[in-house]
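# Structural description and commentary
What follows is the residue order along each chain.
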Amino acid sequence: MMVDLGAFSDEKFDAKKWINNACQSRHPQDPLEKHLVDLEMKLQMMSEEISASLEEQSAAALLRVPRATRDVIRLRDDAISLRTSVSAILQKLKKAEGSAAESIAAIAKVDTVKHRMEAAYETLQDAAGLTQLSSTVEDVFASGDLPRAAETLANMRHCLSAVGEVAEFANVRKQLEVLEDRLDSMVQPRLTDALSNRKVDVAQDLRGILIRIGRFKSLEVHYTKVHLKPIRQLWEEFEPKKQANKLANEINDGERLASVNELQLSLHTVSFSSWLPSFYDELLLYLEQEWKWCMIAFPDDYKTLVPKLLIETMMTLTASFVSRVNLATGDVVPETKALAKGILDILSGDMPKGIKIEVKHLEALIELHTMTSTFARNIQHLFSESELNVLLDTFKAVYSPYEPFKQRYGQMERAILSSEIGKLDLRGAVARGVGAQGIELSETVRRMEESIPQVIVLLEAAVERCINFTGGSEADELLLALDDIMLQYISTLQETLKSLRAVCGVDYATEAAGSKKEMGSDKKEGTHHSRRADLISNEEEWSIIQGALQILTVSDCLTSRSSVFEASLRATLARLSTSLSMSMFGSNIDQNQSHDGNGELTSVGRAALDVATIRLVDVPEKARKLFNLLEQSKDPRFHALPVASQRVAAFMETVNELVYDVLISKVRQRLSNLSHLPIWSSVEEPSAFHLPSFSAYPQSYVTSVGEYLLTLPQQLEPLAEGISGDDANGDEAQYFATEWMFKVAEGATAIYMDQLRGIQYVTDRGAQQLAVDVEYLSNVLSALSMPIPLVLSTFQRCLSTPRDQLIDLIKSDSGNQLDLPTANLVCKMRRVNLEQQ
C-alpha cells in the first residue's frame, strides 16, 4: 500500500477525511483492523525517516555556515580593493584629459594651417595652369581638335573656380566665355549634320563636348531647332497655297482639272477638322522615330529631349493653332463661315448684329479638342518613361491652343443657352372667336409644360460639354451660367403667367380684391364684371378654369425636374471632387510613386495628367476656389443653383396665386354687387290677404356659387391624378384636390362675408331672404366637409331671428355660439339699438 504524503502539506488538511479515504482504498477481502495497523506502521516509519533526514541536513547546514561567512568577508575585502583601484584610475584619466585636450587643440591648429597651405599651393598651381592654358588655348583651337579644346576650356573653368574673384583673372573669365561660345558655334554645324543624317557616334561625341563645357542647354536648343523645321512644314501643308501645290503634284501628267474652280472646290473640301487627325498622326510618327533614335544616340537624355521638342513645337505653333481652331469653329455655321470668323470673334463683339454663338460652334470646338485628347493619350503612351513633371509640361503645351477658349467657356455657354432659351415660343396665339381664350390658355400651358424637359435637356447637354471640354475645371463658371439661364427661363415663364392673367380675365378681379374703393366705383366695377361675365360663355369659363388648373402641372413639372437636375449636378460635382483630388495628389508625387517597377505610369500618375489638373496646377487660386465649391457640394443643404431654386419656389407661388384667382374669379363675379342688391332694403307691400312676404328659396347668385363649389371637386380630381402619376400616390392626389377645394371654398366664404359686412340696411323681408341665402351656402360648405365659420353662422342666426327678439338672442349668448362684433353689425343693419334696450 502506497501512502501519498502530498495531502499532509495542504493547509486545509483533514485527518478524519484522510483516514476515511485510506480505508476506502483497501482491498475488500482485507480486515479493517489489519489495514489500520499497517497504515499506522507505515506512517510511523515514514515519520522516523523524515526526522532522521531533517537532523542530518541540519547538521550539514551548521557546518556550511562558518565557511559561507568566511567567503562573504573575503568578497567584501576584494570589492573594497577594486573600488580603490578604480578611483585611482579615474584620477589618472582626469589628469590625462586636461593635458590631452591642450595637445589635440594644438594639433588641430597645425592641421588647419596645413590644409590652408595645401589649398594655397593648389590655387597657385591652378593660377599657373590657368596662365599656361590661356596662352596655349588658341593653338588648341587652331588644331581643330574639338574634344581637346573642350577639355582645355573645362580645365580653365575649373582653375577659375579655384582662383575665385581675382582681379588679375577678370579678363581670363571673359575670354573663357567667348571661347565657350566659339566652341559652341564650331560644334553646331557638325551637330546639325549628325542629327540630320542620323550619325549616332558623331552626335554622341558632340554631346560629350557640349556637356564638358556645361552647354547641355545648347544641345536641347539645337536639337529642337533642327527638328522643328520639318514639323513646321507638316503644319503649313494646310495653307491653301501649299494644298494647291500638293494637289497639283499628285495629278498625273495625263490628268488635269477641268478648271481652276474645280481646283478651288477641291481645296475647300479639306476642312481643318478633317485635316488635323492626319497632322497628329504624322507628328506622332515623327516623334516615335526620334524617340527610338535618341534612345540609342542619347540614352541619358532622350526622356527629356523628345518631349522638349514637342513642347517647343506647340509653343511655336500656338498662335497659328488658335487662329485655325477659331476659324474651324466658324466653318460649321454658314453665317460665320461666309465672314471667315469664329467663336473668339463673336465673343469679342467684332461681328454684324444678329450673329450669335450657336451650339454647333461649341460642338465643333469640342470635336477638335477630342482629337487633341486622343493625340495626348498617344503621347502619354510614347513618353511613358519620362518623369511626371516632363509629361505635365508636355500636356500643357499640347492643350495650350485651347486655353483662350477655356478661359471664356462660361461666357460661351451662357451665350449659347441664352440664345436657345430665347428661341422657345411659349405663347399659344389663336384667332379670336368663341372659346378662343380657353384654347389660347390651353395651348400656352401645353407649350410651357413641354418646354421644361427641353430646357433641362439643354442644361444637361451643357454639363456634358463642360466635362468633355474642360474636364470640370470650369465647373464653377458652369454653375453660374446654369443659374443665370434658369433665372432667364423662369423669368420668361413668369412673364407668360402675367400675360395669362389677362387671358384668364383675372387682372380686374385681383385689383378689385386688393383695393378699397368707394361705393360708386364698386358699383361701376360690379357692372363691368357682370358685362365681362356676359361676354364669356359658361363653356368657355370652364375651359379657362381647366386650363388654369393645368398650370399646376407646369409648376409641379418644373419643381420636380429642377430638383432632379440639381441632384444630378451634385452627383457630378461629387464625382469631379473625387477625380480631381486624386489628380492633384498625383501631380505632387515623386518619380518613384508615379511609375511602377517597369517604368510605366501608375494609376495615380495617369490621374495627374487629367485635362482639368493640367490647367489647375498653374492657377492655385482658381484651384482653391473650385475645391472649396466641390467641398461645399458634399453638404446636403448645398444648392448647386441657389438663385434658380429660389425663383422656382417663387414661380410656384405665382402659379398658385394665378390658379386661385382663376378659380375664385367666378365667385367674385357672382358676389361682386351683393351688398348693393335692392332686395335687402325692400319692404313688404300692403295686401288685403295674408300672404308670405319673402321667397323661401335662395337667390340665383348664391345658388350659382354653391353649384360651382360643388362641381369643383370633379374638375380637380383628374388633375390630381395626373400630378400624382400612379396609383401608389392616390392619397397624395386626394389631399391635393381637397386642399385646393378648401382654398376656394374658404376664399368664397371670405368674399361672401365681406360683402355681407358691406350691406348698410336690411329690412325684415331682406333679412329673411338673406338668412335663406346664408343657410344655403352653409349647407354647401357642410356638403364639402368644411367647418362653417362662426361669423357666417352668426349672420344666419341673427338674420333669421325676428327683429324684436334679436337683443334677447345676443344677451342670452355666452359668447360661444355668436361672434359679437358680427352680431352688433347685424343689429346696426336692422336698425336695432342695443343701448336703449
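Structural data are supplied above this passage.
Definitions and cut-offs
Here the residue index of a chain counts from 1 through its sequence in written order. In view of the model being predicted, local features appear only for residues whose pLDDT reaches at least 70, and side-chain atom pairs are presented and counted only at 80 or more, with totals across whole chains, interfaces and linings using the full set of residues. To get the side-chain values, all heavy atoms of the structure are used, and hydrogens and water are removed first. Note on geometry: axes are C-alpha line fits, over the in-contact stretch for helices, and angles between N-to-C directions span 0 to 180 degrees. Note on conventions: DSSP H or I runs of at least 4 residues are helices, E runs of at least 2 residues are strands, and numbering of each starts at the N terminus. Note that the term roughly parallel is reserved for angles under 35 degrees, roughly antiparallel for angles over 145, roughly perpendicular for angles of 65 to 115, and oblique for everything else. We call two residues contacting when some pair of their heavy atoms lies within 4.5 Å. Under the grouping applied here, Gly and all other residues not named as nonpolar or charged are polar, the nonpolar ones being Ala, Val, Leu, Ile, Met, Phe, Trp, Tyr, Cys and Pro and the charged ones Asp, Glu, Lys and Arg. With the far helix as reference, a near helix turned anticlockwise by less than a right angle produces a left-handed crossing, and one turned clockwise produces a right-handed crossing. Note on aromatic contacts: the rings of Phe and Tyr and the six-membered ring of Trp form a pair at centre separations within 6.5 Å, being stacked when their planes are under 30 degrees apart, edge-to-face when over 60 apart, and tilted otherwise. Exposure classes here rest on a 1.4 Å probe applied to the protein chains alone. A residue is buried below 20% of its type maximum, exposed above 50%, and partly exposed in between. Among the buried residues, those of types Ala, Val, Leu, Ile, Met, Phe, Trp, Tyr and Cys that are joined through side-chain atoms within 4.5 Å form a nonpolar core.

## A word on the packing of helix 9 (residues 272–297) against helix 13 (residues 359–382)
For the pair helix 9 and helix 13, interaxial distance at closest approach is 10 Å and the crossing angle is 10 degrees. As summarised for this structure, helix 9 and helix 13 are arranged roughly parallel, according to the angle between their axes. Where helix 9 approaches helix 13, its residues Phe272, Ser273, Leu276, Pro277, Tyr280, Leu283, Leu284, Leu287, Glu288 and Trp291 are matched on the opposing element by Leu368, Met371, Thr372, Phe375, Asn378, Ile379 and Leu382. Here the contact of helix 9 with helix 13 is composed, by residue class, of 13 nonpolar, 3 polar and 1 charged.

## Observations concerning the packing of helix 6 (residues 216–236) against helix 9
Close contact between helix 6 and helix 9 brings their axes to 10 Å; oriented N to C, the two are set at 155 degrees. Comparing the axis directions of helix 6 and helix 9 gives the class roughly antiparallel. The two elements helix 6 and helix 9 cross, and the hand of that crossing is right-handed. In this structure, helix 6 uses Tyr223, His227, Pro230, Ile231, Leu234 and Trp235 to contact helix 9, whose residues at the interface are Phe272, Trp275, Phe279, Glu282, Leu283, Tyr286, Glu290 and Cys294. Residues of the contact of helix 6 with helix 9, tallied by class, amount to 11 nonpolar, 1 polar and 2 charged.

## A closer look at the packing of aromatic side chains
For the structure shown, the criterion picks out 18 aromatic pairs. Arranged with centres 5.1 Å apart and planes meeting at 70 degrees, the rings of Trp235 and Phe279 form a pair that is edge-to-face. Taken as a pair, Trp235 in helix 6 and Phe279 in helix 9 lie far apart in primary sequence, 44 residues in all. Taken individually, Trp235 and Phe279 each receive the classification buried, so the pair is uniform in this respect. Their ring planes at 70 degrees and their centres at 5.4 Å tell us that Phe238 and Phe272 sit as a pair that is edge-to-face.

## A few points about the environment of Val659
In this fold, Val659 is placed in helix 26 (residues 642–671). The class for Val659 is buried, based on a relative accessible area of 0%. Remark: the alpha-carbon pair of Val659 and Val506, spanning 153 residues in sequence, is separated by 9.7 Å. Excluding residues within four positions of it along the chain, Val659 makes contact with Ala548, Leu549, Ile551, Leu552 and Trp740.

## Describing the nonpolar core
Formed by 185 residues in total, the largest nonpolar core has its most connected members in Phe272, Met412, Leu482 and Tyr752. Broken down by element, this core gets its largest block of residues, 15 residues, from helix 21 (residues 538–586). With residues near it in sequence (within four places) discarded, Leu482 still touches Leu417, Leu459, Ala462, Val463, Phe565, Leu569 and Leu641.

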